[in-house]
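A closer look at the structure
Each chain, written out:
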Amino acid sequence: MDPAGFCTQARVLIVAGKGGVGKTTVTAALARMAAQAGLTTLIVEVEGKSGLGSAFGRATPLTYEEVTLAPGGGPDGAADVRARTLTPDDALIEYLRDHGMKRVSKRLTSSGAIDVVATAVPGIKDILVLGKVKSLERSNSADLIILDAPAAGHAVTFLMSAHGLLDAVRVGPIRSQAQEVIELLTDASRCQILLVTLPEETPVNEVVETAFKLEDRVGVSLVGVVVNGLYPEVDGLDADPGDVPEAAELRAAAAFRRARHDLQVTQVARLAEALPLPQIHLPFLFTTEVGPAEVDVLARALAESITRLPDPAVSTSS
Amino acid sequence: MSALAGIADLPDRGVVVCCGSGGVGKTTTAAAIALEGARRGRRACVVTIDPAKRLADALGLEALTNSPGKIDGDWPGELWALMLDTKSTFDNLVTRYAANPEQAEGILRNGLYRNISGALSGTQEYMAMEKLYELQEAGRFDLIVVDTPPTRNALDFIDAPRRLTRLLDNRIFRLLIMPTRAYVKAVSFATQAFLRTVSKVIGGQVVSDAVAFFQAFEGMEQGFRERAQHVMALLSDPGTAFVLVASPRRDAVDEALFFAEKLLESDIGVDALVVNRLHPPFGEGAVDRDRGALYANLADFRDIAAREEHHFAALAEKVAPSPVARVPFLADDVHDLEGLRTVGGHLFATA
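Residues numbered from 1 in each chain as written. Chains lettered and ligands numbered in written order. Predicted model: local features only at pLDDT ≥ 70, side-chain atom pairs only at ≥ 80, totals over all residues.

Comments concerning the overall build of chain A
- The secondary structure content of chain A amounts to 12 helices and eight strands.
- Rg of the C-alpha trace for chain A: 21 Å, near the compact-globule value of 20 Å for 318 residues, within the 12% margin.
- When burial is assessed residue by residue, chain A has 50% of its 318 residues classed as buried. (Helix = DSSP H or I, 4+ residues; strand = E, 2+ residues; numbered from the N terminus. Rg over C-alpha atoms; globule rule 2.2 N^0.38 Å. Buried ≥ 20, exposed ≤ 12 C-beta atoms within 10 Å, placed from the backbone.)

Some points on the environment of L285(A)
Residues and elements named next belong to chain A.
- Along the polypeptide, L285 turns up in the loop between β8 (279-283) and α12 (292-307).
- For the pair L285 and Y231, spaced 54 residues apart in sequence, the C-alpha separation works out to 7.9 Å.
- Not counting chain neighbours up to four residues away, the residues in contact with L285 comprise E294 and V297. (Contact = placed C-beta atoms within 7 Å.)

A word on the environment of A4(A)
Residues and elements named next belong to chain A.
- Residue position: A4 is located in helix α1 (residues 3-7).
- A tally of 17 C-beta atoms within 10 Å means that A4 is categorised as partly exposed.
- A sequence separation of 151 residues divides A4 from A155, and the C-alpha atoms of the two residues are 26 Å apart.
- Among residues more than four places away in sequence, those in contact with A4 are A37, G38 and L39.

Considerations on the nonpolar core
- Ranked by size, the top nonpolar core spans 187 residues in total, and within it V15(A), A34(B), V145(B), V243(B) and L244(B) carry the most contacts.
- Apart from residues no more than four positions distant in its own chain, V145(B) is found in contact with V16(B), C18(B), A30(B), I33(B), A34(B), A44(B) and V46(B).
- A253(A), A254(A), F282(B) and F301(B) belong to the second largest nonpolar core, which has 13 residues in total. (Core = buried A, V, L, I, M, F, W, Y, C linked by C-beta atoms within 7 Å.)

Focus on unusual backbone geometry
- The amide bond that connects A320(B) to the next residue, P321(B), takes the cis arrangement and shows omega of 5 degrees.
- Mapped onto the elements, P321(B) comes out in the loop between α14 (293-319) and β8 (324-328).
- With a phi angle near 50 degrees, N140(A) is a residue other than glycine that sits in the positive phi range.
- In this fold, N140(A) is placed in the loop between α7 (124-138) and β5 (144-148).
- Residue classification places N140(A) among the exposed positions, given that 10 C-beta atoms sit within 10 Å.
- At F282(B), a residue that is not glycine, the phi angle is positive and equals roughly 50 degrees.
- Counting through the fold element by element, F282(B) comes out in the loop between β7 (272-278) and α14.

Notes on the packing of helix α4 (residues 86-97) of chain B against helix α5 (residues 101-109) of chain B
All names here are of chain B.
- In the contact formed by α4 and α5, the axes pass within 8 Å of each other and the chain directions differ by 150 degrees. In terms of orientation, α4 and α5 fall into the roughly antiparallel class. Of the two possible hands of crossing, α4 and α5 adopt the one that is right-handed. Taken together, the residues of α5 that come into contact with α4 (itself represented by D91, V94 and T95) are A104, I107 and L108.
- Taken together, the residues of the contact of α4 with α5 break down into four nonpolar, one polar and one charged. (Axes fitted to C-alpha atoms, helices over the stretch in contact; angles between N-to-C directions. Parallel < 35°, antiparallel > 145°, perpendicular 65-115°, else oblique. Left-handed = near helix turned anticlockwise from the far one by under 90°. Nonpolar A, V, L, I, M, F, W, Y, C, P; charged D, E, K, R; others polar.)

With respect to the sheet that holds strand β2 (residues 41-45) of chain A
Residues and elements named next belong to chain A.
- Sheet architecture is open: eight strands sit in the order β3-β4-β2-β5-β1-β6-β7-β8, paired in mixed fashion. Both edges of this open sheet fall to β3 (67-70) and β8, since each of them pairs with a single strand only. Across the sheet, the mean angle from the axis of one strand to that of its neighbour is 25 degrees, orientation sign disregarded.
- With five bridges connecting them, β2 and strand β4 (residues 81-85) associate as parallel partners. By the bridge assignment for β4, L42 is matched with R82.
- Most of the contacts of α7 go to β5, to which it runs at about 165 degrees, and overall it touches β1 (12-16), β2 and β5. (Pairing = 2+ DSSP bridges.)

Points about the pairing of strand β4 (residues 78-83) of chain B
All names here are of chain B.
- Among the six residues that make up β4, six are buried, leaving the element largely enclosed by the rest of the structure.
- Residues E78, W80 and L82 of β4 are buried on one face, and the alternating residues L79, A81 and M83, pointing to the opposite face, are buried as well.
- Note: strand β2 (residues 43-48) against β4, six bridges, orientation parallel. Opposite C45, over in β4, you have W80 as the bridge partner.
- With three bridges connecting them, strand β3 (residues 69-71) and β4 associate as antiparallel partners. In the strand pairing of β4, I71 is matched with L79.
- Counted between consecutive antiparallel strands, the loop separating β3 from β4 contains six residues.

A short note on helix α13 (residues 250-265) of chain B
- Compared with an ideal rise of 1.5 Å per residue, which puts 16 residues at 22 Å, α13(B) spans 22 Å between its outermost C-alpha atoms and is within 8% of the ideal.
- Within the sequence span of α13(B), burial applies to D251(B), A252(B), V253(B), D254(B), E255(B), A256(B), F259(B), A260(B) and L263(B).
- For α13(B), the secondary structure elements touched by its buried residues are α3 (51-55) of chain A together with β1 (14-19), β6 (240-246) and α14 of chain B.
- Of the residues trailing α13(B), D267(B) is marked for its positive phi of about 60 degrees. (Expected span 1.5 Å × (residues − 1).)

Comments concerning the packing of helix α4 (residues 88-98) of chain A against α7(A)
All names here are of chain A.
- Where α4 contacts α7, the axes come no closer than 8 Å and their chain directions differ by 75 degrees. Of the possible angle classes, the one that applies to α4 and α7 is roughly perpendicular. Residues P88, A91, L92 and Y95 of α4 lie in contact with α7, whose contacting residues are K125, D126, L128, V129 and K132.
- Of the residues assigned to the contact of α4 with α7, the class counts are six nonpolar, no polar and three charged.

Some points on the confidence of the model for chain B
- Per-residue confidence for chain B gives a mean pLDDT of 81, with 84% of residues at or over 70.
- Within the model, pLDDT remains below 50 along residues 179-185 of chain B, and this stretch shows five contacts once partners closer than five positions in the same chain are excluded. (pLDDT = per-residue confidence, 0-100.)

A look at the sheet that holds β3(B)
Residue and element names in this part refer to chain B.
- Read from one edge to the other, the open sheet built from eight strands follows the order β3-β4-β2-β5-β1-β6-β7-β8, with strand pairing classed as mixed. Edge strands, defined here as strands with exactly one partner in the open sheet, are β3 and β8. Across this sheet, the average inter-strand angle for adjacent strands is 20 degrees, counted without regard to direction.
- As paired elements, β1 and β6 share five bridges and run parallel to each other. Each bridged residue has a counterpart across the sheet, and for V16 the counterpart in β6 is A241.
- Along the sheet, helix α7 (residues 123-138) contacts β1, β2 and β5 (143-147); its crossing angle with β5, the most-contacted strand, is approximately 175 degrees.

Take a look at the structure:
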């Protein structure tokens, strides 16, 4: 499967996974890969984290105003990678403003009633964020919109919010917003979910659980699972270092690498067995921070891994 | 001296709060500290939030229970564990402060209350702290270790008890439920108009639920407010230790620095730092990568260990002079008492 084809299966791609698995790094690499395939890409970040900016060498945090993280052009004809934050509070204020309630929105925030509303209607903020993503999708603001979903167990709740809201709110504009969000999430030609995990026991268990919940309860379409942080396979680690001063360290480091590698292979196999989804493999980088150079390396690895995937069966849905 | 000696040797009825961002090993650290307490002869209890399934099984936590269960083992003290049930902890709190069973019932049935107890952001944090306070008050344990939900901001849980009282103090709704006083009436009229607008967006049912909720809560805020103050006092008590848990990657360290900053600002401070998932260094110094795979591999590990050390040093400096414990990458995920003992060995290692 070619990377451009992978990225054009749906305009909205939601990247979901537990905290600490490298979701933001995968988001950055995916955006870079899509842009290199000539697709204008917009990253939407919902938690106000700093990681995305620094992955593209940006020193200041992202803002509600869209910024270009990596300009396109150049010899490879890449497209722009743009990014913005979309925090729930911003989304609520924008929603009220767009619905002729600008004065109310000020009063809501200054009086603290906004907290009451958000509490009374759980998921209202999530709906507004997803509703905004939907309007970005509808306005063709980019060829690909990548949503870096909230971490922890929140991804399921976040994506479930529309269903919950339909139960709580019987009439009004918020209800129709929720319905439109459900239409977006459940339409595989418009929205796909990419899961991220690590090749370790607990993250594998958790991603399997999340995958089934998302499919069963939210009815979304899962495009694949990224296994992040795999030690690249190296030949020659079994060699005898001979009688050199650092022989013990060489052996110990090689043994550690082999042991970690074996554990990872076991977990990857376990994941494949438990979850019938295409696996995309990303290498462990021997670094502790992700900047533009690392994002490029990972974007290439992502493209290679996607290229090895078989072409998806032609969709049978009309 | 042992890295976290002071933590497990807290004065009687000591409290340890493990905090940090998601995916850094807070739950495991909390359980390992409690186990160490039991091994030192203390009656220890760990309050967990969202343990991985196999660890939960190992601790006998098959289901949400609001009372601690005992784990038997060959230690001189006692080890107890409980998995926080946010909703029923909140229900108990309501029942405790209600003037009569009817008031409690009215609140528990209210739609807004059900949302608050299930979904208000910060409720889980609040209830974790509430449960901690409750256990501490009961005096059954002399070491209580709490795991905290993975929040980005340390203040989320320090502040959580105050969030509900803030909600209860909401001016608009307070005015709405006291329409009898003449001077309030005029304001109340504007408030009603405002609520009508809000109703248009979110539906009248939601607004009337909210009003009913505030009416039902009438008279209970004081109890909640006092309780919140007690919880806050416990958190800033010298007998309460905050253990910041982190992993040595740049982004995780940044989050941990932010966390430490907030804890310091609120005069709580970090009593110990735990860094998990460190790569072993296999010696130090430059290695000539061109001498083949074995050398390139050693160079990779020395390189990443040095980088981790660098990030980690910034964090250690931030929390200095508090002790720091290093836990290396372990061969297996921790899912039994043996694994917890291994982690404890690193946390309380004698250097």
